[in-house]
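# Reading the structure
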Amino acid sequence: MADQSRGRGRGLALLKDLKKSLAADSQSSSGESSVKEFPGPSVPPSVPPSLPPSVVSAATGMPSTTIGGRGRVAAMMLSKMHQQTKDVQFSPASDVSPSAPTVGAGRGIKLLQNLKAQMAQSQPHVGGAEVKQITEKMAESTISSVQSSTIPKNKYFREIKETPPVVRKGESGTPCEVTANFIRLNFEEDHVFEYEVRYNPEQDYKNLCFKLLNEHSQYFKTKTFDGTTLYVPHMLPEEAMNLVSTNPYDNSKVQVIIRFRRTRRLSEMIHIYNVVFKQIMKDLQLVRFGRQYFNEHSAIQIPQHKLEVWPGYVTAVDEYEGGLMLTLDSTHRVLRTQTVLSLIKETVQCEGANWKRAMTDKLIGSSVMTTYNKKLFRVDSIDDTMTPRSTFEKLENGQPVQISFIDYYKKNYGIEIMDWEQPLLISRDTKRLPGSEQATDFMICLVPELCQLTGLTDDQRSNFRLMKDVATYTRITPNQRHAAFKKYIQNVLSNETAKSRLTGWGLSIAPETVNITARTLPPEPLYFGNNVKVPGKDNADWNGDVSRNAVMQAVDILRWVVLFTDRDKNVTNDFVDTLKRCCRPMGINVSAPELIRLPNDRTDSYVAALRKFSIANLQLVVAICPTIRDDRYSAIKKICCVDNPVPSQVINARTIMNSQKIRSITQKILLQMNCKLGGTLWNISIPLKSAMIIGIDSYHDASRKKRSVCAFIASYNQTMTHWYSKVVLQERGQEIVDSLKSCFVDALKHYLRVNGRLPDRIIIYRDGVGDGQLKLLQDYEIPQMQICFSILGTTYKPSLTYIVVQKRINTRIFMKTRNGFENPFPGTVLDHCVTRRDWYDFLIASQKVNQGTVTPTHYVVIHDDSGMTADQCQRLTYKMCHLYYNWPGTVRVPAPCQYAHKLAYLVGQNIHQLPSDALTDKLFFL
């Protein structure tokens, strides 16, 4: 045996002595452990007598000569561990997950591991309850927790909750009979059988999985399959459990193994209904663009503008408060009958050598439709180095071959490309290929000759005649829209394939849309200057009252300048004279402006003039421009909002040229100028004495893929007429709540400076949030907002109401009349039957629509600790729709949301920078 005082064997001797020491300790402490408050190994304060001399000397700090090197280091570490165990409470061994043994660990580390194991064994198995209690408390303290589930995350079904639906109904207002674009789905409470499908050998390509299973369609004529999970309305026979299919690409045999997983209630499977209606759309021969389906055979031609309008439908099935329903809305897609190639040829004739730059401006970011398979692609670039003669690699019989675009289209689609010299369009896409974790970038080459332009250009949108002609087909009346729903139901019921598809799942569709009783809230009276009260009107429009009455709070315009060019000299003089005549009835005093004539209408002329002004003496800048140009508008706004902060008004000279309309237009411009300087046009009765109402909205520029812009607007007076604004520029993937917290704190501090106190209640209207983010807001963003209160004082705890505003929805409400259906009156509220099953929500149609069908706004109250009733919440929301000063009537969303939208759009579209802090308390962005 090795000498214990030299190198090898010392660790073994130490271990043996240590074991003896621990055995002695456990015997001496067995009587004490039952008395101790915290169970654990009892370690006496003195050094154990059974340790060898080397360990004793290390523990007591005395020098030792009997042991050295690594053995001494190990002994010192052991001693240190032994001392620490006086204060440490070890959890039972059962709480520690086993770990793999460490290969090649040093002797000192192994000694420590053995020591821990010995102590765990000697400890009595008590204290599990305490550990569990602490763990539960820690779990409660976290903001969000991850729910473990045995169901894979890619499964689409959700179980119907046994909890009753959330019902919060108001009572105020006049009842009215309405119908909505919801159709009840009746189902026999049948069972659906869920199977798992596996392939041997395994198949990564999803489309191939469908083909292999469809070879045996005799077993499941009615099915829903996503690649791995199969749902069928009947139990499969035994012979269908092990099938053999032939791979169409290489003729190899593939074993298809089907295993029964479980039986589910059909009412739990919302996903199945949506898949069924997607298949019904194909049965009706409709073309799919995104989530919408269009009928190309019913296309309406508008030849004078080279356009065609495709009518279509958008459907969604979900469980609502009133049960399982299909949401059905009619929609339209405007296509240009012109091909991309003809547009390129036109541009080459007009622009000459500069054609590519002009085409880039027209095409990049737009969508085109391929005429041969009716699919949409977004154009990312134009490649003039490639033509239809260019070749690409394609697999044929498992072998890569080079094929030209000309041959490919002739072989696959029977299309002969006429122009062989045209450049190709490039569309980039990112997809994750089957069997790979990383996303792969694809470059899709499109032939301009085979692409049809979709949508309208900016020039076309500014063409009044064109837009009016298009609107006659796209802005359909409530009667026309309801007739389209009836036609869809009849088409489904008369199509045998679609009908059998529904009956296969035990479904039937109601012949009519649902009938509901809604309520119309009473009109709101308005208050103007000189104590004038104007009673509310049913159509919620006060355009005439605004021009007849004085504003509530006027700001005199004394120091202002007007920029104009030579050609607009007469127009400018007429405008200033009209402004001076209009201002007195409105209660605003306007002094003569400083007129600055510019040598030309170039952007740099305006920029140079603006940079010369002294901001300290200036209230307002008015720039009269001869034409609409985005670059010039952006340059003016950038200087006036960022570099030299001053409220600014940009006017297109054409709008004030008409001598018959100049008075009404000038009145509107004067009202807007008054708002920008901090004035108030009108107000309404607000019952809340100490409250802050906040609006949040975002702007995403899809074409540039730049930073998103989030605008934050908060009221800071009792009548909700003065607004504090902040902007956040958000990088891609950044959490927005971090920035919102700083805006929230700044707004509360501003409220405190102005009012000398903080608000008792805070109401947030949050726009730009989809259904999938509601739970995230509830679990994460709201707790983060509540943390902000403590920054302003530990005792400050106001009530918080958080309402999500959704305006891009497919819900429509129609009021029943003698002549069929009409748009409901402004202030019509619907808070039952077609509202969400599991959320406190309501719909309000707040605006008057003269053309087409009104779209209500959906409000989801995801948090409310204020004690407001459903009536109070709905009334307050409708009141806030009256306070947007750019429109003399009610708007679709509450005023703070509309202000936030306007500010986010200005920053994202024009100035691309944070506005100056000098303008935060004014509506400079109107």
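Along each chain, the written sequence defines residue order, and numbers are assigned to residues from 1. Two thresholds apply to this predicted model, a pLDDT of at least 70 for residue-level local features and 80 or more for giving and counting side-chain atom pairs, whereas whole-chain, interface and lining totals are computed over all residues. Side-chain metrics rest on all non-hydrogen atoms present in the structure, leaving aside hydrogens and water.

## Focus: the overall build of the protein chain
The secondary structure content of the protein chain amounts to 23 helices and 38 strands. Here the protein chain holds 926 residues, and the buried ones make up 49% of them. Note on areas: Shrake-Rupley with a 1.4 Å probe; residue coverage comes only from the protein chains shown. Of the accessible surface of the protein chain, which amounts to about 46900 Å², a share of 50% is contributed by carbon and sulfur atoms. A run of H or I in DSSP counts as a helix once it spans at least four residues, and a run of E counts as a strand once it spans at least two, with each numbered from the N terminus. Any residue under 20% of the maximum accessible area for its type is buried, any over 50% is exposed, and the rest in between are partly exposed; the area is computed with a 1.4 Å probe on protein chains only.

## Let's talk about the pairing of strand β5 (residues 229-232)
With burial as the criterion, each face of β5 is covered, one bearing Thr229 and Tyr231 and the other bearing Leu230 and Val232. By the convention used here, strands pair only if DSSP detects at least 2 bridges between them. The sheet contact formed by strand β3 (residues 191-200) and β5 spans 4 bridges and is antiparallel. Its bridge partner being in β5, Glu194 is matched across the sheet by Tyr231. Where strand β4 (residues 224-225) hands over to β5, the hairpin turn is made up of 3 residues, of which Gly227 adopts a positive phi near 115 degrees.

## Some details on the pattern of salt bridges
Basic side-chain nitrogens of Lys or Arg form a salt bridge, by our definition, when they fall within 4 Å of a carboxyl oxygen of Asp or Glu. Considering all chains together, one arrives at 33 salt bridges under this definition. Note that Arg378 is salt-bridged to Asp380, the shortest N-O span being 3.0 Å. Since its relative accessible area comes to 27%, Arg378 is described here as partly exposed. For Arg757, the salt bridge goes to Asp760, with nearest N and O atoms at 2.7 Å. Given a relative accessible area of 40%, Arg757 falls into the partly exposed group. When salt bridges with common partners are traced through the structure, they connect Glu194, Glu196, Arg198, Arg261 and Arg262 into a single cluster.

## Structural notes on the sheet that holds strand β28 (residues 648-652)
Reading across the sheet, the 4 strands line up as β26-β25-β27-β28 and stay open at both edges, with parallel pairing between neighbours. Across the chains shown, the open sheet's two edge strands, defined by having one partner strand only, are β26 (594-598) and β28. Put simply, the sheet's adjacent strands are angled 20 degrees from each other on average, direction ignored. Here strand β27 (residues 620-625) runs beside β28; their pairing, made up of 5 bridges, is parallel. What sits directly across from Ile624, in β28, is Ile651. Note on geometry: axes are C-alpha line fits, over the in-contact stretch for helices, and angles between N-to-C directions span 0 to 180 degrees.

## Focus on unusual backbone geometry
The omega angle of the peptide bond from Asn200 to Pro201 is 0 degrees, so this bond is cis rather than trans. Structurally, Pro201 can be placed in the loop between β3 and α6 (206-214). Positive phi outside glycine occurs at Gln285, with the angle close to 60 degrees. Position of Gln285 among the secondary structure elements: in the loop between α7 (270-283) and β8 (287-289). Under the relative-accessibility criterion, Gln285 is labelled exposed at 57%.

## Topic: the nonpolar core
Counting residues in each nonpolar core, the largest one holds 86 residues, and the members touching the most others are Tyr765 and Tyr899. Residue contributions to this core peak at 9 residues, all from helix α23 (residues 895-911). Side-chain atoms within 4.5 Å are what join buried Ala, Val, Leu, Ile, Met, Phe, Trp, Tyr and Cys residues into a set we call a nonpolar core.

## A few points about helix α17 (residues 603-611)
Taken residue by residue, α17 has Thr603, Ser605, Tyr606, Val607, Ala609 and Leu610 as its buried positions. Here the buried face of α17 lies against β25 (560-565), β26, β27 and α18 (630-643). Working rule for contacts: check all heavy atoms of both residues, and any pair within 4.5 Å makes them a contact.

## Points about the sheet that holds β4
The antiparallel open sheet is built from 5 strands, whose spatial order is β4-β5-β3-β7-β6. In this open sheet, the two strands that pair with only one neighbour each are β4 and β6 (242-246). Across 5 bridges, the pairing between β6 and strand β7 (residues 253-265) is antiparallel. Within the sheet, the bridge partner assigned to Ser245 lies in β7 and is Val254. Sheet contacts for α6: β3, β4, β5, β6 and β7; angle to β3, the most-contacted strand, approximately 110 degrees.

## What about the packing of aromatic side chains?
Where two aromatic rings form a pair, the distance of their centres and the angle of their planes describe that pair. Two aromatic rings, drawn from Phe, Tyr or Trp (for Trp, its six-membered ring), form a pair once their centres lie within 6.5 Å of each other, and the interplanar angle then sorts them: stacked below 30 degrees, edge-to-face above 60, tilted otherwise. Taken as a whole and assessed by the stated rule, the structure comprises 26 aromatic pairs. With a centroid separation of 6.3 Å and an interplanar angle of 70 degrees, the aromatic rings of Tyr899 and Phe925 are classed as edge-to-face. Pair noted here: Tyr899 is in helix α23 and Phe925 is in the segment after α23, with a separation of 26 residues, a long-range link. Overall, Tyr899 belongs to the buried group, its relative accessible area being 0%. Under the relative-accessibility criterion, Phe925 is labelled buried at 4%.

## A word on the side chain of Thr680
Within the secondary structure, Thr680 is located in the loop between α19 (662-676) and β29 (691-699). Its relative accessible area of 1% is what places Thr680 among the buried residues. With residues up to four places along the chain from it excluded, the contact list for Thr680 reads Val551, Met552, Gln553, Asn674, Thr721, His722 and Tyr885.

## Overview of the environment of Arg261
In this structure, Arg261 sits in strand β7. Assessed through its relative accessible area of 32%, Arg261 is described here as partly exposed. Between the C-alpha atoms of Arg261 and Thr229, which are 32 residues apart in sequence, the distance is 9.2 Å. For the purposes of these results, a polar contact is taken to be a pair of N or O atoms within 3.5 Å, where, inside protein, one atom must be able to donate a hydrogen and its partner to accept one; residues adjacent in sequence count only when each atom of the pair is a side-chain atom. At 2.8 Å, the side chain of Arg261 and the side chain of Glu194 are in polar contact.

## Describing helix α21 (residues 774-791)
With 18 residues, α21 should reach 26 Å at 1.5 Å per residue; the first-to-last C-alpha distance of 26 Å fits that figure. One axis fitted to the seven residues ending at a residue, another fitted to the seven starting there: the angle between these axes is the bend at that residue. The sharpest bend along α21 reaches about 30 degrees and sits at Glu781, with the proline Pro783 one to four residues further on. Backbone geometry just after α21 places Gly793 at a positive phi near 145 degrees. In a helix, the anticipated span is given by 1.5 Å times the number of residues less one.

## Examining a positive patch on the surface
On the surface, a cluster of positive charge is contributed by Lys278, Lys282, Arg288 and Arg291. Along the chain, Arg291 turns up in the loop between β8 and β9 (292-294). Residues enter patches when they are more than 30% accessible in relative terms and free of salt bridges; like-charged ones are connected within 9 Å and nonpolar ones (Val, Leu, Ile, Met, Phe, Trp, Tyr) within 5 Å. Positive charges come from Lys and Arg alone, negative charges from Asp and Glu alone, with His and the N- and C-terminal ends not counted. The atoms used to mark charge sites are NZ of Lys, CZ of Arg, CG of Asp and CD of Glu.

## A closer look at the packing of helix α13 (residues 478-494) against helix α14 (residues 496-504)
A pair of packed helices is characterised by two quantities: the angle between their axes and the separation of those axes. Packing of α13 against α14 brings their axes to within 5 Å, and their N-to-C directions diverge by 85 degrees. On the basis of the axis angle, α13 is roughly perpendicular to α14. On α14, the residues that touch Val492, Leu493 and Ser494 of α13 are Glu496, Ala498, Lys499 and Leu502. Relative orientations are named as follows: roughly parallel for angles under 35 degrees, roughly antiparallel for angles over 145 degrees, roughly perpendicular for angles from 65 to 115 degrees, and oblique for any other angle.

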